[in-house]
2 protein chains.
Amino acid sequence: MNIYLDCIPCFLRQALDAARNITEDSRVHEQIVREVLRLAADLDLSRPPPWVGQIIYRRLRELTGVEDPYRAAKSRLNRLAVSMLPELRAVVKRAPHPLIAAAKAAIAANVIDLGVRSVLSEDEAREALRESYATDVYGDFAELQRQVAEAREILYLADNAGEIAVDRLLIEQLGPERVTLAVRGEAVINDATIDDARAAGLHELVRVIDNGSDAPGTILEDCSAEFLERFNQADLIIAKGQGNFETLSEVDTDIVFLLKVKCPVIAEHVRLPVGTHAVLGRKGGGLASRVTVEGPP
Amino acid sequence: MNIYLDCIPCFLRQALDAARNITEDSRVHEQIVREVLRLAADLDLSRPPPWVGQIIYRRLRELTGVEDPYRAAKSRLNRLAVSMLPELRAVVKRAPHPLIAAAKAAIAANVIDLGVRSVLSEDEAREALRESYATDVYGDFAELQRQVAEAREILYLADNAGEIAVDRLLIEQLGPERVTLAVRGEAVINDATIDDARAAGLHELVRVIDNGSDAPGTILEDCSAEFLERFNQADLIIAKGQGNFETLSEVDTDIVFLLKVKCPVIAEHVRLPVGTHAVLGRKGGGLASRVTVEGPP
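Residues numbered from 1 in each chain as written. Chains lettered and ligands numbered in written order. Predicted model: local features only at pLDDT ≥ 70, side-chain atom pairs only at ≥ 80, totals over all residues.

**A look at the overall build of chain A**
Item 1. Counting its regular elements, chain A contains 12 helices and 8 strands.
Item 2. A compact globule built from 297 residues would reach a C-alpha radius of gyration of about 19 Å, and chain A, at 18 Å, matches this within 12%.
Item 3. Counting only C-alpha atoms and orienting by the principal axes, one finds that chain A spans roughly 55 × 40 × 35 Å.
Item 4. Counting the 297 residues in chain A, one finds 52% classified as buried.
Item 5. For chain A, long-range pairs separated by at least 24 residues make up 74% of all intrachain contacts whose partners lie at least 6 apart in sequence. (Helix = DSSP H or I, 4+ residues; strand = E, 2+ residues; numbered from the N terminus. Rg over C-alpha atoms; globule rule 2.2 N^0.38 Å. Buried ≥ 20, exposed ≤ 12 C-beta atoms within 10 Å, placed from the backbone. Contact = placed C-beta atoms within 7 Å.)

**Brief notes about the packing of helix α4 (residues 71–94) of chain B against helix α5 (residues 98–108) of chain B**
Residues and elements named next belong to chain B.
Item 1. Relative orientation of the contacting elements α4 and α5 amounts to 150 degrees, with a least axis distance of 7 Å. Between α4 and α5 lies a crossing of right-handed hand. Along the contact surface, α4 presents Leu88, Val91, Val92 and Lys93, while α5 presents Pro98, Ala101, Ala102 and Ala105.
Item 2. Among the residues forming the contact of α4 with α5, the class breakdown is 7 nonpolar, no polar and 1 charged. (Axes fitted to C-alpha atoms, helices over the stretch in contact; angles between N-to-C directions. Left-handed = near helix turned anticlockwise from the far one by under 90°. Nonpolar A, V, L, I, M, F, W, Y, C, P; charged D, E, K, R; others polar.)

**Remarks on the domain arrangement of chain A**
Residue and element names in this part refer to chain A.
Item 1. Looking at chain A, the domain boundaries give domain 1 (7–64) and domain 2 (77–293).
Item 2. On a C-alpha basis, the centres of domain 1 and domain 2 stand 26 Å from each other.
Item 3. Contacts between domain 1 and domain 2 engage 12 residues on the former and 13 residues on the latter.
Item 4. Only α1 (7–22) and α3 (49–64) provide two or more residues apiece to the side of domain 1 that touches domain 2.
Item 5. Tallying contributions element by element places α3 first for the side of domain 1 that touches domain 2, with 7 residues.
Item 6. Class assignment of the residues belonging to the side of domain 1 that touches domain 2 gives a composition of 6 nonpolar, 4 polar and 2 charged. (Domains from an automatic or database assignment.)

**Considerations on the confidence of the model for chain A**
Residue and element names in this part refer to chain A.
Item 1. Mean pLDDT over chain A: 91, with 93% of residues reaching 70 or higher.
Item 2. Ignoring residues within four places in sequence, the model shows residues 283–291, a span with pLDDT below 50, making 16 contacts including any to other chains.
Item 3. Counting interchain partners and residues more than four positions distant, the pLDDT-below-50 stretch residues 293–297 has 14 contacts.
Item 4. Among the prediction metrics, the complex's ipTM stands at 0.88, with pTM recorded as 0.88. (pLDDT = per-residue confidence, 0-100.)

**Remarks on the interface of chain A and chain B**
Item 1. At the junction of the two partners, chain A supplies 15 residues and chain B supplies 15 residues.
Item 2. Contributions of two or more residues to the side of chain A that touches chain B are made by α1 and α2 (26–41) of chain A.
Item 3. For the side of chain A that touches chain B, the leading source of residues is α2(A), giving 8 residues.
Item 4. Of the residues belonging to the side of chain A that touches chain B, the class tally is 9 nonpolar, 1 polar and 5 charged.

**Focus on the relation of the copies chain A and chain B**
The pair of chain copies shares a relation made of a rotation about an axis and a shift along it.
Item 1. If you rotate chain A by 180 degrees and push it 0.0 Å along the axis, it lands on chain B with an RMSD of 0.0 Å. In short, the pair behaves as if placed about a two-fold rotation axis. Relative to the rotation axis, the closest C-alpha in chain A is found at Pro9(A), a distance of 2.2 Å.
Item 2. Counting the interface residues of chain A, we find that 100% of their copies in chain B are interface residues as well, pointing to one common contact surface. (Least-squares fit on C-alpha atoms with pLDDT ≥ 70 in both.)

**A look at the environment of Asp210(B)**
All names here are of chain B.
Item 1. Tracing the chain through its elements places Asp210 in strand β4 (residues 207–210).
Item 2. Along the sequence, Asp210 and Arg20 sit 190 residues apart, while their C-alpha atoms lie 28 Å from each other.
Item 3. Residue contacts for Asp210: discarding those within four places in its chain leaves Ala182, Val183, Arg184, Gly185, Thr193 and Ile194.

Structure representation (structure tokens):
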């Protein structure tokens, strides 16, 4: 997915919010805004939006010397999600279709994102997770089940810290032995890295790799050889969140995107309202057939 | 008031919204966004925000050849406000303090602004005007009454089309013979020009001049000699709206600002919540003493 003109004010707002979260030094705030303005003035709009996010957060790390400004927030979100796992797992186990129930929880957990909104309260996150089973999901769960049943090797692309702990429920349903979980190669926003996978105990359950990149998405040209090997070997890729959708939606392979639609640009791109929980497919060209799964699974 | 970093994403959003309102030509949308990005990258933040608005709307006129893209919207808003005048005037006449009641209506009418939000429904505007007398206003009406009682020459700086029709109620209370009403020199957003003053019949009631400028505010260096003469002669200036506040709040003369606080940057600047209806003074340095006038006057 390419950059829309509407993304540009949002890049600036995100850069400013992030700079203010990291430092009180107003010279840094002004410098990052001016740098993003210069970058955007000649921006190649055919790039995916996370390419700009990558540059912004990399520059913020350089300008402030803070390698992982969201470390404390990520730890807090991991603890929150891990503490809810027993309750969420019990619902999955009781569900008539545990795979669907776990996928619904994993999609709901995609709300845990400090990029689109820089503040998320623990109560909001907790509430979103508790309600996940009752939330309608737009997309074709039957197709997801079919693809999962046929897959030998599944590559699971995580999105955010906190969220990754809830992904565990879906990985348990997929069968961890055939799953490789991939996280970002370096800290960017609150995206999950190896540390966050460990915080959720996922390293004991499943093979965990990082993608070698510090983009808030999966820019294949920027990923490590090890990651690309897994990416090419997998016969099913499950990709979480907007950043992965924005960077991979036009890649011609079997990918299922699980995400919450959080911004108006993506909403328009996929023709779904902001706030929609969605399972979107990518097989050759179009999105998967669209079926709304209503109510508890 | 100078430009805040937070204004910059908003300039871009406004430029894009305005471009889309004027033309469907996506090349123009992209061009104006890239031009605003280049301008903003080296922007002198000590300028008032309407300086950027002036450049954006001037370039949009040049790029599209449309001199007054909001003409139809302005006519519609004028008709709406004029149609409500008998009802609003009746309330002013019945009020124990007609000057305050008229000022409250004039402040409420400042909601009619297509800059901050590019869409405003007629129902919203009508509702805001009907509720104006019951809306709390932050500021010192007693000080306004004192200054009005003492003034010999009042310069009234209008803000938007539609709103200007409601300003008529306040001008009637001020005594039209000592009032000069000033509008923008050229069309910019939905700001009132001579045409809008005429649409509300104000040319028959009061002396109407234009300020010679196409800025969405009052940038004195950009105004005509005739306007500056009035500005300097007046012993009281009543200035409507955010654009006039942003450009005149630091000018050392007797100005009373009547406005609705519509953006978070101004809200922070004046330390009032977004949505506040306010009477703000400028006498030497500070804002007038702050008193909330509650309920019907």
